[in-house]
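Notes for the structure review
Here are the chains, one letter per residue:
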Amino acid sequence: MNIQTVMITGAGQMGSGIAQVFAMAEYDVILHDIAQEAVERGMKGIQRNLEKQVDKGKLSSEELHNIVDRFTLTTNLQEAERADLIIEAAVENMEVKKSIFARLDVIAKEDAILATNTSSLPITEIAAVTKSTERLIGMHFMNPVPVMKLVEIIRGLATSQETYDAVHEVVKTLNKVPVEVNDFPGFVSNRILMPMINEAIFTLYEGIATKEAIDEVMKLGMNHPMGPLTLADFIGLDTCLYIMETLHEGFGDDKYRPCPLLRKYVKAGWLGKKTGRGFYTYS
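Residues numbered from 1 in each chain as written. Predicted model: local features only at pLDDT ≥ 70, side-chain atom pairs only at ≥ 80, totals over all residues. Heavy atoms only, no water.

An unreviewed UniProt entry lists the chain under the name 3-hydroxybutyryl-CoA dehydrogenase, from Priestia koreensis. Listed under Pathway (unreviewed entry) in UniProt, the entry text for the chain is "Lipid metabolism; butanoate metabolism." Taken directly from UniProt, the Sequence similarities (unreviewed entry) text for the chain runs: "Belongs to the 3-hydroxyacyl-CoA dehydrogenase family." (UniProt positions renumbered as here; feature names shortened; annotations may be inferred.)

Structure, rendered in structure tokens:
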């Protein structure tokens, strides 16, 4: 399967990061979002990241311009008809994702691969809204995408071997490491990470230690590069809550029950770094 043009639908932090690594790997990239402002904001973020690479001497100015020239910006999902691979990076909500893939199933070329960057939702359930379930697959990139090497590849119940093999090879061209994971809530990364973060929030909620102390214990005692509460702020507390709810519902086990303090912060609009306030305050 010859993949040359890739469409990313969803130009937020994850979508723009995915778009950047594809453009840097010399793919033609269509960056899509429902609002022009969102697409332009995503592209500005990509350009800022690339300019930092130039400042560090890791990219030349000519290479930066070549990367930027590979982008097409659009708010029209119909542009998906030109893509060989379409990656959805929209909000972590099952109904939103189903709606997007129901439309993509009609628009996309018959041999195009449809992929979702979901961090926890069942691939098989998403694929069920399409007629071509064999060409839908999960590609879970880690954040920040340009830095992190791992990509979890998740087959749905009907995902074909051809689809899996093609995506596996594409991930390697991005200088990333593909790891096959089975289709269970949270996959591997978030099934392990999110309960740890949730337990850190319970530790704060129960007054066992301050947020600073909890983060220091995990950094200095467990050699984590970032404390769990800081990490939660960077991921987004709404995303953390949604993944915990997915785990709780998917497994029916109360060990995945979201901490009440996490719910409280999300209801208050304290979603972490992106809103300026979460467990910590950001200027």
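With that settled, consider the packing of helix 10 (residues 237-251) against helix 11 (residues 260-268). Interaxial distance between helix 10 and helix 11 falls to 9 Å at its minimum, and their mutual angle equals 135 degrees. On the basis of their axis angle, the class for helix 10 and helix 11 is oblique. With respect to the hand of their crossing, helix 10 and helix 11 are arranged in left-handed fashion. When helix 10 is examined against helix 11, the residues Leu237, Asp238, Cys240, Leu241 and Glu245 are found in contact with a partner set consisting of Leu262, Arg263, Tyr265 and Val266. (Axes fitted to C-alpha atoms, helices over the stretch in contact; angles between N-to-C directions. Helix = DSSP H or I, 4+ residues; strand = E, 2+ residues; numbered from the N terminus. Parallel < 35°, antiparallel > 145°, perpendicular 65-115°, else oblique. Left-handed = near helix turned anticlockwise from the far one by under 90°. Contact = heavy atoms within 4.5 Å.)

A contiguous patch of negative charge on the surface is contributed by Glu110, Asp111, Glu162 and Asp165. As for its placement among the helices and strands, Asp111 is situated in the loop between helix 4 (94-107) and strand 5 (113-116). (Patch = residues over 30% accessible without salt bridge, like charges linked within 9 Å, V, L, I, M, F, W, Y side chains within 5 Å. Areas by Shrake-Rupley, 256 points an atom, 1.4 Å probe, with all protein chains shown as cover. Salt bridge = Lys/Arg side-chain N within 4 Å of Asp/Glu carboxyl O. Lys, Arg positive; Asp, Glu negative; His and termini not counted. Charge placed at Lys NZ, Arg CZ, Asp CG, Glu CD.)

Turning to the UniProt feature "site: Important for catalytic activity" (unreviewed entry) in the chain, a few remarks are in order. Under the UniProt annotation, "site: Important for catalytic activity" (unreviewed entry) lies at His140. Assignment of secondary structure puts His140 in strand 6 (residues 136-141). A residue is classified by how much of its surface remains accessible, and His140, at 6% relative accessible area, is buried. A polar atom in the side chain of His140 sits 2.8 Å from the side chain of Glu152. (Buried < 20%, exposed > 50% of the residue type's maximum accessible area, 1.4 Å probe, protein only. Polar contact = N/O pair within 3.5 Å; in protein donor to acceptor, adjacent residues only side chain to side chain.)

A separate point is the sheet that holds strand 2 (residues 28-32). Strand order across the open sheet formed by 8 strands is 3-2-1-4-5-6-7-8, with mixed pairing between neighbours. A strand with exactly one partner marks an edge of an open sheet, and here the two such strands are strand 3 (71-74) and strand 8 (177-181). Put simply, the sheet's adjacent strands are angled 25 degrees from each other on average, direction ignored. Here 5 bridges tie strand 7 (residues 150-155) to strand 8, and the two strands are oriented parallel to one another. Each residue of the ladder has a partner; that of Ile153, found in strand 8, is Glu180. (Pairing = 2+ DSSP bridges.)

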